[in-house]
Amino acid sequence: MAELTFVGAAGTVTGSKHLLTVEGHHFFVDCGLFQGVVDVRSLNELPLPVPAARMEAVVITHGHLDHIGFLPKLVHDGFRGPIFCTPPTRELMQIVLDDSAHLQQTLQERGFHHERPHSPPAYYNEDDVAATMRLVKTVPLEQQFDLAGVAKVTYRNAGHIIGSAFAQFEYEGRRATFSGDLGRYGRPLLYDPEPIGAADVLVSESTYGDRIHPPDPSDELLQALVEGIARGGPIVIPAFAVERSQDVLLALAQLQQRDSRVATLPIYLDSPMAAKVDALFEEFPDAHKPIPRDAANAPFGVQNFHLCVTTDQSKALNAITSPCVIISASGMASGGRILHHLHNRLADRSATIIFAGYQSAGTLGYLIIHGAHTLRIYGDALPVLANIVHLSGFSAHADQNDLKRWFGTCTSKPQLYAVHGEVESATAVATLATEAFGWQAQVARRGVTVTI
Ligand SMILES: [Zn+2]
């Protein structure tokens, strides 16, 4: 008998962690960190349903922190089994976990007195990350691998970020498919998600299950850039280092070809982590669509491109008063170098801030796009005078139409569990599965165990 326990990303979009128990053997599908508001972050403190040392393996779908960020804590607490992922995900995992450990330690050292009264504890350090990476075993897409002799798993392309996969488990003559995070169809950088095929159980993400994305974000971006140039000051784009920065760079490269005003804009990428992720696209050419590149070999063929690696290079951007584009992380302005740029530009009427993705409740980005008049950064109260633009079309997550299209590739009628979404969007996905496909479907609830 197999059981599934929803440990994370059930009623939330972070902390992805599904406990799969087959014939008494325990496995995690993903092992992410809860992020966002205090109530959600505090879920990281709860004991796991099975002690770390008794877990036998972890199957990772992709390298986002909310799917891998708890791994070093699991290892710190005694987990010694294999951690499976695709080869690009391994490289991404190293970048993301190094950054996570560094960020946690920095926050600890500073006491994180900035704006958050409840600073999260440091869950792990660089040594835990190194120990975690030693347990990683890579498996390419479409190649089946074994879990403790009781289950077999196959990764298939999910089209969400580089290296992302959904995972098909076979056990006791049944098949359970975990979507991980599902990407979108027809994206510039990544190939479409693979078909589901047959499944008895489908655990599906539902982040945007109640929404439809705009078809092409580049027109919106062009309009925001042109208006930003007219305002006369810099244009700051908070963007996640993983995938979003690459999507934005590629869109900028294409807009440079289309519009002479954009063509002359200096483009600054102030995110060493994003630059490392850019390099993965060169390292794994088969994991994405071909990318046009110019003679100078700037990432994604962007003209007038400048990479800021050192702190001094980053600080030098503060002196720029004319139109330019500054891309920096994190995407929700919850930390990282972007805070310095927002501190410097929010009160500047000539500046433009373009948010290029989902802003979860409790983040600085959320407050800004919801019209906050004054914000505190580094202890300073700043009036929001810059022009604020929010583009939703750059999402790396499937919307309702993408999910419907993907569900349509399922050749059976599975029991569906909607995870990785707020209640409204998860409910919309369960309703979609029932009404459009006639499947049994329910919204996953944290702590609940079901027989699969
Ligand atoms: Zn993701």
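Residues numbered from 1 in each chain as written. Predicted model: local features only at pLDDT ≥ 70, side-chain atom pairs only at ≥ 80, totals over all residues.

A short note on the environment of His288
For clarity, the cut-off: Only DSSP runs of H or I covering at least 4 residues are called helices, and only runs of E covering at least 2 are called strands; the numbering of each starts at the N terminus. The contact criterion used here is simple: two residues whose C-beta atoms, placed from the backbone, lie within 7 Å are in contact.
Mapped onto the elements of the fold, His288 is located in the loop between helix 9 (272-283) and strand 14 (305-307). Each C-alpha atom of the pair His288 and Leu141 lies 13 Å from the other, and the pair is 147 residues apart in sequence. Residues contacting His288, with those up to four places away along its chain left out, are Ile162, Leu189, Leu190 and Phe281.

What about the nonpolar core?
When a protein is soluble and globular, its nonpolar side chains tend to lie buried together. Formally: We define a nonpolar core as a collection of buried residues of the types Ala, Val, Leu, Ile, Met, Phe, Trp, Tyr and Cys that are connected via C-beta atoms lying within 7 Å of each other. Whether a residue is buried, exposed or partly exposed is read from the other C-beta atoms within 10 Å of its own C-beta, which are placed from the backbone; 20 or more gives buried, 12 or fewer gives exposed, and intermediate counts give partly exposed. Annotation comment: domain bounds sourced from an automatic or database domain assignment.
One finds Val58, Ile237, Val325 and Ala418 to be the most contacted residues of the largest nonpolar core, which totals 136 residues. The greatest single-element share of this core, amounting to seven residues, is contributed by helix 7 (residues 244-258). Mapped onto the domain boundaries, this core takes at least three residues apiece from domain 1 (2-211 + 396-451) and domain 2 (217-390).

Side note on the domain arrangement of the protein
Going by this rule: Note on residue categories: nonpolar means Ala, Val, Leu, Ile, Met, Phe, Trp, Tyr, Cys or Pro, charged means Asp, Glu, Lys or Arg, and polar means any other residue, Gly included.
If you check the domain split of the protein, you get domain 1 (2-211 + 396-451) and domain 2 (217-390). Each partner contributes residues to the interface: domain 1 has 23 residues there, and domain 2 has 22 residues. Of the residues in the side of domain 1 that touches domain 2, the class split is 15 nonpolar, five polar and three charged.

Comments concerning the pairing of strand 3 (residues 25-29)
Applicable threshold: A pair of strands counts as paired when DSSP detects no fewer than two bridges linking them.
Within strand 3, four of the five residues are buried, leaving the element largely enclosed by the surrounding structure. Two strands pair when backbone bridges link them, and strand 2 (residues 17-22) and strand 3 are joined in this way by five bridges, in the antiparallel orientation. The residue of strand 3 that forms the bridge with Leu19 is Phe28. Where strand 2 folds back onto strand 3 in an antiparallel hairpin, the turn is made up of two residues, including Glu23, whose phi is positive at roughly 50°.

Re helix 13 (residues 400-407)
For clarity, the threshold we go by: The arc under discussion is defined with respect to the helix axis, by the directions toward the C-beta atoms.
What helix 13 keeps buried is the set Asp402, Leu403, Trp406 and Phe407. All buried residues of helix 13 fall inside an arc of 135° around its axis, so they share one side. Check the buried side of helix 13 and you find it contacts strand 11 (201-205) and helix 14 (423-437).

Thoughts on the sheet that holds strand 19 (residues 387-390)
Strand pairing in a sheet relies on backbone hydrogen bonds, with the paired strands running either antiparallel or parallel. Basically, it comes down to this: Lines are fitted to the C-alpha atoms to define the axes, a helix being fitted only along its stretch in contact, and any angle between axes, read from their N-to-C directions, falls within 0 to 180 degrees.
Here six strands make up an open sheet; going across it, the order is 14-13-15-12-16-19 and the pairing parallel. Looking at the sheet topology across the chains shown, the edges are occupied by strand 14 and strand 19. When strand polarity is set aside, the average angle formed by the axes of neighbouring strands in this sheet is 20°. In the sheet, strand 16 (residues 352-355) pairs with strand 19 via four bridges, with the strands oriented parallel. For Ile353, the partnering residue across the bridge sits in strand 19 and is Ile388. Across the face of the sheet, helix 11 (residues 338-345) comes into contact with strand 12 (235-238), strand 15 (325-328) and strand 16 while running at roughly 145° to strand 12.

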